[in-house]
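Notes for the structure review
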Amino acid sequence: NWTMSTFIDKEIARIREIVGPKGRVIGAISGGVDSSVAAKLMHEAIGDRFHAVMVDNGVLRSNEAAQVHKMLSEDLGVKLTVVDASDLFLSRLEGVEDPEQKRKIIGNTFINVFEEEGAKLEREAEEEEAAALKAGRAHEAKGKYEFLLQGTLYPDVIESISFKGPSATIKTHHNVGGLLEDMKLKLIEPLRELFKDEVRALGKLLGIPAHLVGRHPFPGPGLAIRILGAVTRSQVEILQKADQIYIEEIRNAGFYDDISQAFAVLLPVRAVGVQGDKRTYDQVIALRAAQTTDFMTATWFPFPFEFLCKVSNRITNEVAGVNRVVLDISSKPPATIEWL
Ligand code: XMP
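The structure presented is a predicted model; accordingly, all values stated were derived computationally and were not measured.

Under the 1.5 Å per step criterion, the end-to-end length of helix H11 (residues 305-318) is 20 Å for 14 residues, consistent within 8% with the ideal 20 Å. Of all the positions in H11, only Phe307, Val311, Arg314 and Ile315 are classed as buried. With its buried residues spanning 95° around the axis, H11 presents them on a single face. Opposite the packed face of H11, turned more than 90 degrees from it, sit the exposed residues Phe305, Glu306 and Asn317. Where H11 is buried, its residues touch helix H10 (233-253), strand S7 (278-291) and strand S9 (322-327).

Before going further, it helps to spend a moment on the sheet that holds strand S5 (residues 186-188). Within the open sheet, the 5 strands sit side by side as S3-S2-S1-S4-S5. Their pairing is parallel. On the outer flanks of this sheet lie strand S3 (80-84) and S5, each paired with one strand and no other. For this sheet, the mean angle separating the axes of adjacent strands, direction not counted, is 30°. In terms of strand pairing, strand S1 (residues 24-28) meets strand S2 (residues 50-56) through 4 bridges, oriented parallel.

Right, let's get into the pairing of S2. Of all the 7 residues making up S2, 7 are buried; the element is thus mostly covered by neighbouring parts of the structure. Burial of S2 is two-sided: the residues Phe50, Ala52, Met54 and Asp56 facing one way and the residues His51, Val53 and Val55 facing the other way are all buried. In terms of handedness, the path from S1 via helix H2 (residues 33-46) over to S2 forms a crossover that is right-handed. Sheet analysis places S2 next to S3, joined by 5 bridges and oriented parallel. Across the sheet, the residue bridging to Val53 is Thr81, located in S3. In this view, the connection linking S2 to its parallel neighbour S3 by way of helix H3 (residues 64-75) has right-handed handedness.

The calculated volume of the second largest pocket comes to roughly 520 Å³. Surrounding the second largest pocket, 25 residues form its lining, Glu64, Gln67, Arg215, Ile247 and Arg251 being those nearest its centre. Secondary structure elements with two or more residues in the lining of the second largest pocket: H3, helix H9 (210-213), H10 and strand S6 (261-275). At 6 residues, the largest contribution of residues to the lining of the second largest pocket is made by H10. A class-by-class count of the residues in the lining of the second largest pocket yields 8 nonpolar, 8 polar and 9 charged.

Turning next to the UniProt feature "binding site: ATP" (unreviewed entry) in the protein chain. Those residues carrying the UniProt feature "binding site: ATP" (unreviewed entry) are Ser30, Gly31, Gly32, Val33, Asp34, Ser35 and Ser36 in this numbering. With respect to the secondary-structure elements, Ser30 resides in the loop between S1 and H2. Residue classification places Ser30 among the partly exposed positions, given a relative accessible area of 48%. Within the structure, Ser30 has its side chain in polar contact with the backbone nitrogen of Gly32 (distance 3.0 Å).

Taken as a whole, this structure holds 21 salt bridges when the rule is applied. Residues Arg103 and Glu100 are paired through a salt bridge, measuring 3.2 Å at the closest nitrogen-oxygen approach. Of this pair, Arg103 and Glu100 both sit in helix H5 (residues 99-134), 3 residues apart, which is roughly one turn of that helix. Residue Arg103 is classed as buried on the basis of its relative accessible area, which comes to 7%. Note that Arg314 is salt-bridged to Glu249, the shortest N-O span being 2.7 Å. Of this pair, Arg314 sits in helix H11 while Glu249 sits in helix H10, and the two are 65 residues apart along the sequence. Its relative accessible area of 19% is what places Arg314 among the buried residues. What you see here is one network of salt bridges that share partners, running through Glu248, Glu249, Lys310, Arg314 and Glu318.

Conventions adopted
Residues numbered from 1 in each chain as written. Predicted model: local features only at pLDDT ≥ 70, side-chain atom pairs only at ≥ 80, totals over all residues. Heavy atoms only, no water. Helix = DSSP H or I, 4+ residues; strand = E, 2+ residues; numbered from the N terminus. Expected span 1.5 Å × (residues − 1). Buried < 20%, exposed > 50% of the residue type's maximum accessible area, 1.4 Å probe, protein only. Arc of directions from axis to C-beta. Contact = heavy atoms within 4.5 Å. Pairing = 2+ DSSP bridges. Axes fitted to C-alpha atoms, helices over the stretch in contact; angles between N-to-C directions. Right-handed = clockwise from strand over helix to strand, strands pointing away. 1 Å grid on protein atoms, 1.4 Å probe; cavity = no way out; pocket = protein on both sides within 12 Å on 5 of 7 lines; lining within 4 Å. Points joined across faces, edges and corners; volume = space filled by probe spheres on them. Nonpolar A, V, L, I, M, F, W, Y, C, P; charged D, E, K, R; others polar. UniProt positions renumbered as here; feature names shortened; annotations may be inferred. Polar contact = N/O pair within 3.5 Å; in protein donor to acceptor, adjacent residues only side chain to side chain. Salt bridge = Lys/Arg side-chain N within 4 Å of Asp/Glu carboxyl O.

Take a look at the structure:
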């Protein structure tokens, strides 16, 4: 008789057994459902011996790092450090247009930043431990960071076992193998037996707000693969604004839960427009909304005409640097969901 609350109890007991009474766990938080749920579960199991790290890579959605900080740290009590590494990421991405190159740079830079933060936390843990021992409070001393939390789901487990064909390399996904070796950490994966809908149910039980639990997936390389040309801070800001308007209108219209993944894309072309009595020479935003069950094939969401008018008007009026909005009406295949 498997229920979600018995799952929580069993998994908390299992985590406590694996980590032991003093061990510490570190985990990277993306702001997505999986890592947030995994983090909250870990916090329930071992409290402040779990430390979450969120890396702001400069290509997150508008206000993302602050929102995740509020939700995880202030509302849910998870110990969290947000590392603003946006300058480093953006400087390494300078002039890079090739999508696979962007993915590699972001993946590698993420590992560098996370390792550096991990080393910092490790030093702090050692100092804390020494202080507790010195003060004769050995019972309060905690151990070293021994484990890395991953929000891996069952489908990811299966994919990594069986998915060795060429399709696995169509787009490079993040890989934590090197991270584990370098930091000498062991993997801990509390969600490895769950499907996405189960993780959402679990998140709700753990008190994660509904709007977050039902969020569309967001790729690790973030807005960098939705800016079709070179990534700069100003390009990121344009896309953040357009995307925010688009998603806000989708939520207001009540379509969010009917769509699997919606986002705006910034095209590197300039088109002529007119504003007042001036010619403009600005960029183009494409709107994507995919409907899919498995993300392997997808169709596009049939927005009503009035909705599209509203979004288009808002984006061209409110986002400086954009004078056209186009709608992506391509299925997967032959297109993919992302443009890069
Ligand atoms: P495509 O574009 O291949 O996308 O149809 C399928 C799903 O995968 C996501 N995606 C990524 N996720 N790193 C990620 O973490 C990536 O490099 C990446 N590329 C695509 C995409 O957002 C969609 O949900």
